[in-house]
Amino acid sequence: MELIVMPAITVDNPLVLPHISRPDPAASTPRPVSQVVTAHSQIEGAGFAIRRPFPGGLPLAEADPFLLLDHLGPQINAPEEAAGAPWHPHRGFETVSYVLDGEIAHHDTNGGGGVIGEGDTQWMTAGRGILHDELPTEGMYRGGGPAHAVQLWVNLPAALKMTPPRYQSITRDTLRLLTSDDGGALVRLIAGDIAEFTGPGFTHTPITYAHVTLAPDAEIAVPWNPAFSAFAYVLTGRGSAGREGRPVQDGRLAVFGPGDHLVLRAAARHTEPLDVLLLGGLPIREPVAHYGPFVMNTRAEIIRAIEDYQGGRLGIIPADQLAPRKFA
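Parameters at a glance
Residues numbered from 1 in each chain as written. Predicted model: local features only at pLDDT ≥ 70, side-chain atom pairs only at ≥ 80, totals over all residues. Heavy atoms only, no water. Core = buried A, V, L, I, M, F, W, Y, C linked by side-chain atoms within 4.5 Å. Buried < 20%, exposed > 50% of the residue type's maximum accessible area, 1.4 Å probe, protein only. Helix = DSSP H or I, 4+ residues; strand = E, 2+ residues; numbered from the N terminus.

1. Examining the nonpolar core
One recurring pattern in soluble globular proteins is that nonpolar side chains are buried together.
In step 1: Counting 32 residues, the largest nonpolar core has Phe54, Leu152, Tyr209 and Leu277 as the members making the most contacts within it.
In step 2: Breaking this core down by element, the ones donating at least two residues are strand E4 (66–77), strand E6 (93–101), strand E11 (145–155), strand E14 (185–191), strand E17 (207–214), strand E19 (231–236), strand E22 (252–256) and strand E24 (274–281).
In step 3: One finds Val33, Ala210, Val212 and Trp224 within the second-largest nonpolar core, a separate group that totals 29 residues.

2. Thoughts on unusual backbone geometry
In step 1: Geometrically, the link from Asp64 to Pro65 is a cis peptide bond, its omega value of 15° lying close to zero.
In step 2: By the secondary structure assignment, Pro65 is in the loop between helix H1 (60–63) and E4.
In step 3: Look at the link from Gly73 to Pro74: it is a cis peptide, with omega at 0°.
In step 4: Mapped onto the elements, Pro74 comes out in strand E4.
In step 5: One non-glycine residue, Ala195, lies in positive phi territory at about 55°.
In step 6: Take Ala195: it is sitting in the loop between strand E15 (193–194) and strand E16 (197–198).
In step 7: A residue is classified by how much of its surface remains accessible, and Ala195, at 37% relative accessible area, is partly exposed.
In step 8: The phi dihedral of Asp217 is positive, around 70°, even though this residue is not glycine.
In step 9: Here Asp217 is to be found in the loop between E17 and strand E18 (219–223).
In step 10: Since its relative accessible area comes to 39%, Asp217 is described here as partly exposed.

Quick look at the structure:
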């Protein structure tokens, strides 16, 4: 079966969108690429394969303020092949699930949830504790079809580790759509700021998160907060990162050094566009203690999280959902 990549929301003519002005080379410094990391593959949840550039390929301290990036697909699932992540706990951070193709259903013990469809993002603040699941919808499970999604874990500083849980739905129609100075790129700004533009996502930890599609041979120069870390993860396609032109392709993470703008370019000899996630944030620079779905600052706090989970203080799974399920 031919794989058709659907890059979330698209527009027929990017030139009608607000433009990101190209930084002045006399007054702005491009951020060099310090390294390119290859994501490793592993099985997660109830048996789905993901690629993970960090932790693993990139040490956790260098990903600050992020903790994890998982990339599912792009792939075509056969009927009854799609798998998800059944009920599990979290404490001390936020999970951000962005769907490019297919559908995922979310439920949590704080009353949040719904169907996350193509171009949608669900932002769950676990904070002091929550249980949730993420499963294919019945239609996606029984009928099969394309699946492409990413999940990002955003750390919380110690002062916010025990903040009340919250669910935030960011639908495709609320994304801030932008283009490059020449119209060769489509930028979907999910959260944070690029130039004078702000995305719809509310963040506890200051970050910027965007999905960029570059037409073949197109280039974009994106202003970037010099106090933020900066990464570009390639979802599909080939191209280069940095003014020095470091080659990148799907499953690679470009890590940028100091400066105040990012440069990306799509390969000229490919008909496929370059799809990348741009992400970065203000480093927290605090000790990290983690154990599975819990991320705190000390071992004692991890032990307390486990005890609270075992004691039902992170939430109770609704009785009608206690039986194992393969779809929502």
